[in-house]
Amino acid sequence: MVSFLGSIALLIIGYYTYGKFVEKTFGINDEIQTPAITMEDGVDYVPMKWRKIFLIQFLNIAGLGPIFGAIQGALFGPAAFLWIVFGCIFAGGVHDFLSGYLSMKNKGDSASELVGRYLGNSTKTVMRVFTVVLLVLVGTVFMTGPAALLTTLTSLDAKVWVAIIVIYYIAATVLPVDTVIGKIYPLFGAALLIMALGVAGGLIFQGYHIPDITLQNLHPEGQPLFPFLFITIACGAISGFHATQSPMMARCVEKESETRRVFYGSMVAEGIIALIWAAAAMAFFGGVPQLDVILSAGGPATVVNTISNTLMGPIGGFLAVLGVVVCPITSGDTAFRSARLTIADAMKIDQSSIKNRFMISIPLFIVGVALTFIDFNIIWRYFSWANQTLAMIMLWTGSAYLAKENKNHFISTVPAIFMTAVTVSYIMQAPEGFRLHAGISNIIGVLVAILFTILFTMKVKKLKEESHQLS
């Protein structure tokens, strides 16, 4: 229990200390008008108050990741707490801040355009495709996951729920950002936080034993902590998906000084959600072996349903599960919306016309629905890896910007190096990857991370020489 409460305290402290350090490093200037003011169009560029944007951003990024990912990550034991806390403070918070900040500095550009601006045009082309693929995978995951949960609450078949969710997704994707998203997301965001606190309160006041932090790996299948833990728990610690969402809200922020509250702050809030669900999964069933039995039999949806109903009663349990359903749905719709914006930015297609919005969106939904017929676990694994790979690329993008501006790039370079080793090592040994021996794949991951560091160091040196020549 002490470790759990201490972990939440560390996240909050990290927001007020390291978060401010990150803000100071990048620099804030409220005299510069944001794209929400200079490019207001009533569709995607719409000024909003930061509290509303925070709740929207929080709901956008808090999909199944900090819930399902944290539950699956709980199989590794309380070592998961460490990754959530330190990953969130030193990697995820930095990643989300720089994604929103750089987008605001560049007229609300999407993630792929930012990568191209700071890492080169060849990288931009790859990133455009990679980002859209990731977003469609996210949208698909967030169709099937909520549909499964809704099926447990009702008598309707999962396919019916998928159809209903898709209809809603289309509306949220093509309508102006303040028509659906700006009105209902703040309410759902607040509800999600309240429901998570209800689960946490049930654990504490009903006397459940939450294990203290240890580095011992408890995974029943023997999956190693490195790199599997850092891929399994993605959204609760660091997530490339957030980089695709941040530009959407960067087009609505009124002042640069609101960047830390909106982007770093929502990442910390998501980390707290992940901590609560990881702790609940570890404690509720009596241990990791018992959790593994439940997961094998019914998956994370069953875990959520069982814990919520027991800790909060039938009404509270229904509301909690409903919150967990709303959470991924409201990330899935913004995933498709971000995919639309990414394609529109790349192809320079005017989005003031609803016809153009439909022209881009409909093919995306056709692909997304087709993917729902593939096994959810397979889709989730590919999403998890692609998610963390995008996070790694965005961290390198932030480092390139900071180096170019002659600022402390190590705040993003260090987590970029680590995530490079994680993502490369994982795909080299994962079942959906090259299936190499763990020892060999880890060595390859470390070597690639070293190579990227050398290449980045050479780029920094070149930038400094160019700056010196200009001065």
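Residues numbered from 1 in each chain as written. Predicted model: local features only at pLDDT ≥ 70, side-chain atom pairs only at ≥ 80, totals over all residues. Heavy atoms only, no water.

### Regarding the pattern of salt bridges
Argument step 1. In total, this model carries eight salt bridges according to the counting rule given.
Argument step 2. In this structure, D44 and R337 form a salt bridge, with 2.9 Å as the shortest nitrogen-oxygen distance. Pair noted here: D44 is in the loop between α3 (35-38) and α4 (50-61) and R337 is in helix α14 (residues 288-347), with a separation of 293 residues, a long-range link.
Argument step 3. In this structure, the salt-bridge partner of R340 is D44, at a minimum N-O distance of 3.2 Å. Highlighted residues: R340 in helix α14 and D44 in the loop between α3 and α4, separated in sequence by 296 residues. In this pair, the class of R340 matches that of D44, namely buried.
Argument step 4. Through salt bridges that share partners, D44, R337 and R340 make up one connected network. (Salt bridge = Lys/Arg side-chain N within 4 Å of Asp/Glu carboxyl O. Helix = DSSP H or I, 4+ residues; strand = E, 2+ residues; numbered from the N terminus. Buried < 20%, exposed > 50% of the residue type's maximum accessible area, 1.4 Å probe, protein only.)

### Here's the deal with the environment of F358
Argument step 1. By the element assignment, F358 lies in helix α15 (residues 354-371).
Argument step 2. Residue F358 is classed as partly exposed on the basis of its relative accessible area, which comes to 33%.
Argument step 3. The spatial distance from the C-alpha of F358 to the C-alpha of I444 is 43 Å, given a sequence separation of 86 residues.

### Some words on the packing of helix α6 (residues 79-105) against helix α17 (residues 410-429)
Argument step 1. It is at 10 Å that the axes of α6 and α17 come closest, and there the two elements cross at 120 degrees. As summarised for this structure, α6 and α17 are arranged oblique, according to the angle between their axes. Crossing geometry of α6 relative to α17 is assigned as left-handed. When α6 is examined against α17, the residues W83, F90, A91, V94 and L98 are found in contact with a partner set consisting of I411, S412, P415, F418 and M419.
Argument step 2. Of the residues contributing to the contact of α6 with α17, the split by class is nine nonpolar, one polar and no charged. (Axes fitted to C-alpha atoms, helices over the stretch in contact; angles between N-to-C directions. Parallel < 35°, antiparallel > 145°, perpendicular 65-115°, else oblique. Left-handed = near helix turned anticlockwise from the far one by under 90°. Contact = heavy atoms within 4.5 Å. Nonpolar A, V, L, I, M, F, W, Y, C, P; charged D, E, K, R; others polar.)

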